[in-house]
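Each chain, letter by letter, is given below.
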Amino acid sequence: MKFGRQLAAVVLAVAVIVGLGMLWAHASGGGTGAGRALRQAPPGEVVQRLRQIKTGAIRIRPDDGLHLADTGDLIRTCMIEAALAAVVVMVSAVRRWHRRTRRAART
Amino acid sequence: MRGTAVLPHCWLMNAGRATSLADPPVTASRRRILARTRLDFWLDALLLVAFTLAYSLGFTGIAIHEWLGIGLGAILLVHLTLHWDWVIRITGKLLRRDGRERFIWLVNLLLLMSMTLCIASGILISEVALPQLGISLPASFFWRQMHDTTATLTLILVPIHAALRWRWIVGVARRFATWRPGRSR
């Protein structure tokens with residue numbers, strides 16, 4: 001029962017965030033796909049990318065599942081996550097060590 | 001958004017040793033806390049792995065990326081629900097908390113917003129999952145840009161969110177490493 005009530009609160013919070021996103025999209029005219037953003041010409045980089053796809057310069061991957069041989073993306077994601085986590089852990093450890101030494105100096 | 005109330009009970013991962021006379025007996029409530037700690041740990045690990053895979057589009061391909069993203073949304077709802085008590089408690093006492101707790105709260109709020117918008121925008125620009133369900137939405141450059149931006153922001157916030165609780169993670173992982181299933185009763 002408690003889980004149900006909390007889940008309802010979470011769904012409401014998520015709905016508020018999505019609603020705010022929709023409002024933002026509506027205000028900027030790009031929410032439905034027929035808004036201001038799409039009535040304008042697409043940016044140059046998008047047009048260039050589309051041309052590259054058409055000419056075959058950029059290969060679009062087939063959607064037939066995992067590309068186990070192509071782990072470059074996965075490794076890069078893991079490295080970014082590991083680096084950021086390491087920085088946070090180090091900062092936290094240093095702050096903790098400082099607090100301890102200060103406390104030890106006081107006593 | 002880990003419940004701080006669970007933190008002091010990490011030692012309960014070893015509650016199975018209660019058969020020893022030196023250790024406290026395992027009560028029903030302690031067993032519940034033990035089960036909850038395990039659930040939190042594995043659910044968080046699942047979220048981290050699922051997000052890492054979903055972000056690596058070149059590895060998964062678009063179909064797995066989209067279905068993984070939808071699944072991630074469902075797990076995120078459960079994760080938030082399990083830690084809703086923490087959200088209410090910390091939000092209510094935000095001004096009285098120290099700087100670290102306030103920073104964690106802020107990171108969690110940003111992460112909730114960016115991950116929610118990332119998943120929502122991902123659904124709105126879906127090229128495989130929604131058409132498979134017979135739903136087609138008009139293409140939108142706004143939502144595509146939103147998806148890219150929030151995905152990058154989420155990639156930055158997820159490791160920070162996890163690392164801010166590194167002592168809890170290390171504590172529970174250590175208990176798992178020393179835990180013996182045969183001694184759990």
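Please read these numbers as outputs of a predicted model, since none were measured by experiment.

(A) Inspection of the overall build of chain B at higher detail. A count of helices and strands for chain B gives 7 helices and 0 strands. The burial tally for chain B puts 34% of its 185 residues in the buried class.

(B) Region of the structure containing the interface of chain A and chain B. In this complex, chain A contributes 40 residues to the contact, which on the side of chain B involves 36 residues. The set of elements that each furnish at least two residues to the side of chain A that touches chain B consists of helix 1 (2–28), helix 2 (36–39) and helix 4 (72–106) of chain A. Taken together, the residues of the side of chain A that touches chain B sort by class into 21 nonpolar, 13 polar and 6 charged.

(C) View of the nonpolar core. Ranked by internal contacts, the top residues of the largest apolar core, which has 34 residues, are Ala54, Leu72 and Trp143 of chain B. Of all the elements in the fold, those that place two or more residues in this core are helix 1 of chain A together with helix 1 (28–55), helix 2 (57–82), helix 3 (84–92), helix 4 (99–124) and helix 6 (141–163) of chain B. Residue contributions to this core peak at 9 residues, all from helix 4 of chain B. Non-local contacts of alanine 54 of chain B, meaning those with residues more than four positions away in its chain, are made with Thr60, His65, Leu68, Gly69 and Leu72 of chain B.

(D) Structural detail: helix 2 of chain B. An ideal rise of 1.5 Å per residue puts 38 Å on 26 residues; helix 2 of chain B reaches only 29 Å between its terminal C-alpha atoms. Of all bends in helix 2 of chain B, the biggest is about 80°, found at alanine 63 of chain B. Turning to helix 2 of chain B, its buried residues number three or more, namely Phe59, Thr60, Ile64, His65, Glu66, Leu68, Gly69, Leu72, Leu76, Leu80, Thr81 and Leu82 of chain B. Tucked into the core, helix 2 of chain B has its buried residues touching helix 1 and helix 4 of chain A together with helix 1, helix 3, helix 4 and helix 5 (129–132) of chain B.

(E) Spotlight on the packing of helix 2 of chain B against helix 4 of chain B. All names here are of chain B. It is at 10 Å that the axes of helix 2 and helix 4 come closest, and there the two elements cross at 140°. On the basis of their axis angle, the class for helix 2 and helix 4 is oblique. Considering the relative orientation of helix 2 and helix 4, their crossing is left-handed. Contacts between helix 2 and helix 4 involve Glu66, Gly69, Ile70, Leu72, Gly73 and Leu76 from the first element and Met115, Ile119, Gly122 and Ile123 from the second. Its residues placed into classes, the contact of helix 2 with helix 4 shows 6 nonpolar, 3 polar and 1 charged.

(F) A look at the packing of helix 1 of chain B against helix 2 of chain B. All names here are of chain B. Closest axis-to-axis distance for the helix 1/helix 2 pair is 9 Å, and the angle between their directions is 150°. One finds that helix 1 runs roughly antiparallel with respect to helix 2. For the element pair helix 1 and helix 2, the recorded crossing hand is left-handed. Judged by residue contacts, Asp40, Leu43, Leu46, Leu47, Ala50, Phe51, Leu53 and Ala54 of helix 1 engage Thr60, His65, Leu68, Gly69, Gly71, Leu72, Ile75, Leu76, Val78, His79 and Leu82 from helix 2. Classifying every residue of the contact of helix 1 with helix 2 by side-chain character gives 13 nonpolar, 5 polar and 1 charged.

(G) Examining the confidence of the model for chain B more closely. Residue and element names in this part refer to chain B. Overall, the prediction assigns chain B a mean pLDDT of 81, with 82% of residues at 70 or greater. Below pLDDT 50 for its whole length, residues 1–22 participates in 55 contacts with residues either more than four positions away or in separate chains. Reported confidence for the predicted complex is 0.76 by ipTM and 0.76 by pTM.

(H) Main features of the confidence of the model for chain A. All names here are of chain A. For chain A, the average pLDDT comes to 79, and 63% of its residues sit at 70 or higher. For chain A, per-element mean pLDDT is lowest for helix 2, which scores 49, and highest for helix 1, which scores 93. Taken together, the stretch residues 34–38 has pLDDT below 50 and engages in 13 contacts with residues farther than four places along the chain or on a different chain.

(I) A look at the environment of tryptophan 86 of chain B. Counting through the fold element by element, tryptophan 86 of chain B comes out in helix 3. Taking the C-alpha atoms as reference points, tryptophan 86 of chain B and alanine 54 of chain B, separated by 32 residues in sequence, lie 27 Å from one another.

(J) View of the environment of alanine 50 of chain B. Residues and elements named next belong to chain B. Within the secondary structure, alanine 50 is located in helix 1. Through-space distance from the C-alpha of alanine 50 to that of isoleucine 75 is 9.6 Å; in sequence the pair is 25 residues apart. Apart from residues lying up to four places away in sequence, alanine 50 is in contact with Leu68, Gly71, Leu72 and Ile75.

(K) Spotlight on the environment of isoleucine 64 of chain B. Relative to the elements of secondary structure, isoleucine 64 of chain B occurs in helix 2. Residues isoleucine 64 of chain B and glycine 171 of chain B lie 107 residues apart in sequence; the distance between their C-alpha atoms is 33 Å.

Here is what the cut-offs are and how they apply
Residues numbered from 1 in each chain as written. Chains lettered and ligands numbered in written order. Predicted model: local features only at pLDDT ≥ 70, side-chain atom pairs only at ≥ 80, totals over all residues. Helix = DSSP H or I, 4+ residues; strand = E, 2+ residues; numbered from the N terminus. Buried ≥ 20, exposed ≤ 12 C-beta atoms within 10 Å, placed from the backbone. Contact = placed C-beta atoms within 7 Å. Nonpolar A, V, L, I, M, F, W, Y, C, P; charged D, E, K, R; others polar. Core = buried A, V, L, I, M, F, W, Y, C linked by C-beta atoms within 7 Å. Expected span 1.5 Å × (residues − 1). Bend = angle between axes of the 7 residues up to and from the residue. Axes fitted to C-alpha atoms, helices over the stretch in contact; angles between N-to-C directions. Parallel < 35°, antiparallel > 145°, perpendicular 65-115°, else oblique. Left-handed = near helix turned anticlockwise from the far one by under 90°. pLDDT = per-residue confidence, 0-100.

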